[in-house]
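Now for the letters of each chain:
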Amino acid sequence: MLDFDFAFFNMQENNRGGLANRKSFLDWLAPVFYSPRVKQLIHFGRLGLKGCNVRLPLGEGNWTILNPNNRGLMIEKTEAILKDYEIPRMGVDRRLKSLFLSQQHNLPVVFGDHFISALAAILIEKAIASQDIKKLVLVGDIPDLFPLLNNISRYHIPVSVQNYHPVANETTFYRLLYDKGLAVSNSFIKPQNWGPGDLIVSFEPGSRSLAVASPEVFAIRLDDDSSGLAPELEQVLIRAGLNPKMNTLAPILETCLLRKEGKLNSDEEDGQQELIAVGDDIGLWEPFLDNGV
């Protein structure tokens, strides 16, 4: 049996057409012809991390018209693959997060939230060490927000969190202020107020246009569509026929970190530091730090 560090689950980019997109036929065809299967093997060279792509040969639209019994069958077959390869958890394409959260299942899935937050902490530390950063602006719906803010509080620079629904973060910031003494401004996205000395770390989809609106700021994109952060690792995904963006890279690498760490989940308070330490041990952060981001 192959010793895999991870499995990555994804679906077709586009829906199957013809008879496969008609519910009556799809419910009949899916269990026979469109079950999940192990496709490409993936090997991250010098990191020594290897795994496989578990692909469901259907699009999201096809999935939504499947009857519940067939959806359950697809999940059972995916679970059987994980057991066969003795893989304790599975990375899932971040674009399928809402689909998996709305579906009842017992699959041990990872979406990459912990990894993205830890990577943000790594890149913020690098930027602060090399740039004259006066203020940190975190933009969008931020994965693992509390551990990230707790981590970066040691730099003692003003932090502003900006998104399209700031009221949703009020409880978190109340906790930070009264439990940790950390004051964080919380507001709607305001690129017109960004300027020299600001470090913008954006988790917001389509944030490229925000950076263009304020070209004088130092910006890092960590949304699902971001790429170019670690070309060495992204080339591995391209060779495996996978999307070389954060929606793929984050869940895969978080799964590897958790396997090396020996935990099923990361604890909210100290899990980020543990993940960062494990990443240091296996050289996971080097492709990102060597890239000049």
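Everything here concerns the structure above.
What counts, and at which threshold
Residues numbered from 1 in each chain as written. Predicted model: local features only at pLDDT ≥ 70, side-chain atom pairs only at ≥ 80, totals over all residues. Heavy atoms only, no water. Helix = DSSP H or I, 4+ residues; strand = E, 2+ residues; numbered from the N terminus. Rg over C-alpha atoms; globule rule 2.2 N^0.38 Å. Buried < 20%, exposed > 50% of the residue type's maximum accessible area, 1.4 Å probe, protein only. Contact = heavy atoms within 4.5 Å. Areas by Shrake-Rupley, 256 points an atom, 1.4 Å probe, with all protein chains shown as cover. Lys, Arg positive; Asp, Glu negative; His and termini not counted. Charge placed at Lys NZ, Arg CZ, Asp CG, Glu CD. Core = buried A, V, L, I, M, F, W, Y, C linked by side-chain atoms within 4.5 Å. Pairing = 2+ DSSP bridges. Polar contact = N/O pair within 3.5 Å; in protein donor to acceptor, adjacent residues only side chain to side chain. Phe/Tyr/Trp six-rings, centres within 6.5 Å; stacked < 30°, edge-to-face > 60°. Salt bridge = Lys/Arg side-chain N within 4 Å of Asp/Glu carboxyl O. Axes fitted to C-alpha atoms, helices over the stretch in contact; angles between N-to-C directions. Parallel < 35°, antiparallel > 145°, perpendicular 65-115°, else oblique. Left-handed = near helix turned anticlockwise from the far one by under 90°. Nonpolar A, V, L, I, M, F, W, Y, C, P; charged D, E, K, R; others polar.

Undergrad: Outline the overall build of the protein, listing residues and values.
TA: From N to C terminus, the protein includes twelve helices and ten strands. Here the C-alpha atoms of the protein give a radius of gyration of 20 Å, agreeing with the 19 Å that 2.2 N^0.38 yields for 293 residues. Considering only C-alpha atoms, the protein reaches an extent of 60 × 40 × 35 Å along its principal axes. Buried residues in the protein amount to 51% of all 293 residues. Taking the intrachain contacts of the protein between residues at least 6 apart in sequence as the baseline, contacts between residues at least 24 apart amount to 66%. Surface exposure of the protein reaches about 13600 Å², of which carbon and sulfur atoms provide 50%. Taking the 29 positively charged and 36 negatively charged side chains of the protein as two groups, their mean positions are separated by 7 Å.

Undergrad: Could you give an account of the nonpolar core, naming the residues involved and the relevant values?
TA: Judged by nonpolar contacts, the single largest core of 60 residues is most densely connected at Phe44, Phe115, Leu138, Leu149 and Leu222. The element contributing the most residues to this core is helix α5 (residues 113–130), with ten residues. Each residue touching Leu222, except ones within four places of it in the same chain, is listed here: Ile116, Leu119, Ala120, Leu123, Val201, Ser202, Phe203, Leu229 and Met246. Formed by 27 residues, the second largest nonpolar core is a distinct cluster that contains Leu56, Met74, Ile75 and Val92.

Undergrad: Outline the pairing of strand β2 (residues 37–44), listing residues and values.
TA: Note that β2 and strand β3 (residues 49–56) share six bridges and pair antiparallel. From the neighbouring strand, Leu41 faces β3, where its bridge partner is Cys52.

Undergrad: Would you mind going over the side chain of Asp93 in detail, with residue names and values included?
TA: Note on placement: Asp93 falls in the loop between β4 (90–92) and α4 (97–102). Residue classification places Asp93 among the buried positions, given a relative accessible area of 3%. In this structure the side chain of Asp93 is engaged in a polar contact, spanning 3.0 Å, whose partner is the side chain of Asn247. Once you skip the residues sitting within four places of it in the chain, Asp93 turns out to touch Phe8, Phe9, Asn10 and Asn247.

Undergrad: How would you explain helix α6 (residues 145–152) if you had to name every residue and give the values?
TA: Along α6, seven of the eight residues are buried, which leaves the element largely enclosed by surrounding structure. All of the buried residues along α6 are Leu145, Phe146, Pro147, Leu148, Leu149, Asn151 and Ile152. Looking at the buried positions of α6, the neighbouring elements they touch are α5, β6 (135–139), β7 (159–163), α7 (170–180) and α11 (271–282).

Undergrad: Explain the environment of Leu136 to me, and be specific about the residues and the numbers.
TA: With respect to the helices, strands and loops of the structure, Leu136 is situated in strand β6. By relative accessible area, which is 1% here, Leu136 ends up buried. For the pair formed by Leu136 and Leu199, sequence separation is 63 residues and the distance between their alpha carbons is 4.9 Å. With residues near it in sequence (within four places) discarded, Leu136 still touches Ile124, Ile152, Ile157, Pro158, Val159, Ser160, Leu199 and Val201.

Undergrad: Describe the sheet that holds strand β5 (residues 109–110), with residues and values.
TA: Think of a sheet as strands paired side by side through backbone hydrogen bonds, with each pair either parallel or antiparallel. Pairing is mixed across the open sheet formed by five strands, whose spatial order is β2-β3-β1-β4-β5. Of all the strands in the sheet, the pair left with one neighbour each is β2 and β5.

Undergrad: An account of the packing of aromatic side chains is requested, with residue identities and associated values reported.
TA: According to the stated counting rule, one finds six aromatic pairs in the structure shown. On the basis of an interplanar angle of 15 degrees and a centroid distance of 5.7 Å, the ring pair of Phe115 and Trp285 is categorised as stacked. Of the two residues, Phe115 sits in helix α5 while Trp285 sits in the loop between α11 and α12 (286–289), which places them 170 residues apart along the sequence. When its relative accessible area of 0% is taken as the criterion, Phe115 is described as buried. Owing to a relative accessible area of 1%, Trp285 belongs among the buried residues under this scheme. Geometrically, the ring pair formed by Phe115 and Phe288 is tilted, given 6.0 Å between the ring centres and 55 degrees between the ring planes. Here the residue Phe115 occupies a position in helix α5, and Phe288 occupies one in helix α12, the gap between them amounting to 173 residues. The exposure class assigned to Phe288 is buried, which follows from its relative accessible area of 1%.

Undergrad: I'd like a description of the pattern of salt bridges, backed by residues and values.
TA: Scanning the entire structure with this criterion turns up twelve salt bridges. When the shortest N-O distance is used, the salt bridge between Asp113 and Arg94 registers 2.6 Å. Residue Asp113 is located in helix α5, and its partner Arg94 is located in the loop between β4 and α4; the two are separated by 19 residues in the primary sequence.

Undergrad: Can you tell me about the packing of α6 against α7, naming the residues and giving the values?
TA: Between α6 and α7, the shortest axis-to-axis distance is 11 Å and the interhelical angle comes to 40 degrees. Relative to α7, the element α6 is oriented oblique. When the axes of α6 and α7 are compared, the crossing they make is right-handed. Judged by residue contacts, Leu145, Phe146, Leu149 and Asn150 of α6 engage Thr172, Phe173, Arg175, Leu176 and Lys180 from α7. For the contact of α6 with α7, the class distribution of residues is five nonpolar, two polar and two charged.

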